[in-house]
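Read off the chains here:
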Amino acid sequence: MPNLKDLMLQKRLTLAVAESLTCGHLQARIGAISGASRFFLGGLTAYTLEEKEKLLGVPRELAEPVDCVSEAVAVAMTQGARTLFGANIAIATTGYAEPSPAAPVPYAWIAVGDGSNFATRRVDCPGLARVAVQEHVAKVAGDILVDFLQT
């Protein structure tokens, strides 16, 4: 994410992160940027429905029927992270890091938003092992964030 810091500082924006599937990998990528504390307010990993609901305000009726994995859940997570941290922009990840009955191929939903504009993307990860899925989704999320800032 070489342009992230410059874009955030030029636009005078702050960032928050809400992770589920990536379990801290995205925050680690952002935190590895020298000077990240000038724009990155913080983040959290809300792995369960209960924590997504309690900490991020994700409506249970939205998340429960889809096992917390959908575009709408990812968007709701961004809204909750923006509110929780008081950030201008938030990014969120949710998905399946391994094959399961609900998802034979690991995949994730990524959302970034500023409260009125959102960018979302589904990322499929066929053939990747659990940690490789988490790392890949975190990298793609960073790319989506930079693209969002450039538009």
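Whatever comes next refers back to the structure up there.
Here goes a summary of the coordinates provided. Predicted model, so just to flag it, every value in this text is computed and none were measured.

This part is about the overall build of the protein chain. Within the protein chain one finds six helices and five strands. Start at the N end of the protein chain and walk to the C end: the helices and strands fall as α-β-α-β-α-α-α-β-β-β-α. Taken against the 2.2 N^0.38 rule, which gives 15 Å for 151 residues, the C-alpha radius of gyration of the protein chain at 14 Å falls within 12% of a compact globule. Across its three principal directions, the C-alpha atoms of the protein chain cover 45 × 30 × 25 Å.

Here we take up the sheet that holds strand β3 (residues 89–96). Across the sheet, which stays open at both edges, the five strands sit in the order β2-β1-β3-β4-β5 with mixed pairing between neighbours. In this open sheet, the two edge strands, each paired with only one partner strand, are β2 (40–45) and β5 (118–124). Within this sheet the neighbouring strands show an average axis-to-axis angle of 10 degrees, counted without direction. As paired elements, strand β1 (residues 15–19) and β3 share five bridges and run parallel to each other. Each bridged residue has a counterpart across the sheet, and for leucine 15 the counterpart in β3 is isoleucine 89.

Take the pairing of β5 next. Bridge count for strand β4 (residues 107–113) against β5 is seven bridges, and the pairing is antiparallel. Paired with valine 112 across the bridge in β5 is alanine 119. Linking β4 to β5, which pair antiparallel, is a turn of four residues; within it glycine 115 sits at a positive phi near 105 degrees.

So, about the packing of aromatic side chains. Using the criterion set out here, one finds one aromatic pair in the structure. Taken together, a centroid distance of 5.6 Å and an interplanar angle of 55 degrees make the contact between tyrosine 96 and tyrosine 107 tilted. Here tyrosine 96, found in strand β3, pairs with tyrosine 107, found in strand β4; they are 11 residues apart in sequence, far enough to count as distant. For tyrosine 107, a relative accessible area of 11% puts it in the buried group. Positioned over the ring face of tyrosine 107 is arginine 122, at 3.7 Å from the centre of the ring.

All right, on to the environment of methionine 8 then. Here methionine 8 shows up in helix α1 (residues 4–11). Between the C-alpha atoms of methionine 8 and glutamate 51, which are 43 residues apart in sequence, the distance is 28 Å. Ignoring any residue separated from it by four or fewer positions in sequence, one finds methionine 8 in contact with Leu13, Thr14, Leu15, Phe39 and Leu149.

Procedures and definitions
- Residue numbers run consecutively from 1 along every chain, following the written order of its sequence.
- Local features in this predicted model are restricted to residues whose pLDDT is 70 or higher, and side-chain atom pairs enter the listing and the counts only when it is 80 or higher, whereas totals over whole chains, interfaces and linings include all residues.
- Side-chain figures throughout are based on the complete set of non-hydrogen atoms in the structure, without hydrogens or water.
- Helix and strand definitions here come from DSSP, where helices need a minimum of 4 consecutive H or I residues and strands a minimum of 2 consecutive E residues; each element is numbered from the N-terminal end.
- The size measure is the radius of gyration over C-alpha atoms, and the globule rule it meets is 2.2 Å times the number of residues to the 0.38 power.
- Any two strands with at least two DSSP bridges between them are considered paired.
- Only the stretch in contact is used when a helix axis is fitted, and all axes are lines through C-alpha atoms; the angle between N-to-C directions ranges over 0 to 180 degrees.
- Note on aromatic pairs: the rings of Phe, Tyr and Trp (six-membered ring only in Trp) are paired at centre separations within 6.5 Å, and the planes decide the class, stacked below 30 degrees, edge-to-face beyond 60, tilted for the rest.
- Under the scheme applied here, a residue whose accessible area is under 20% of the maximum for its type counts as buried, over 50% as exposed, and between as partly exposed, the area being computed with a 1.4 Å probe on protein chains only.
- A positively charged side chain is recorded as over a ring if its NZ (Lys) or CZ (Arg) lies within 6 Å of the ring centre. The angle to the ring normal must also be within 35 degrees.
- The criterion used for residue contact is that any of the two residues' heavy atoms lie within 4.5 Å.

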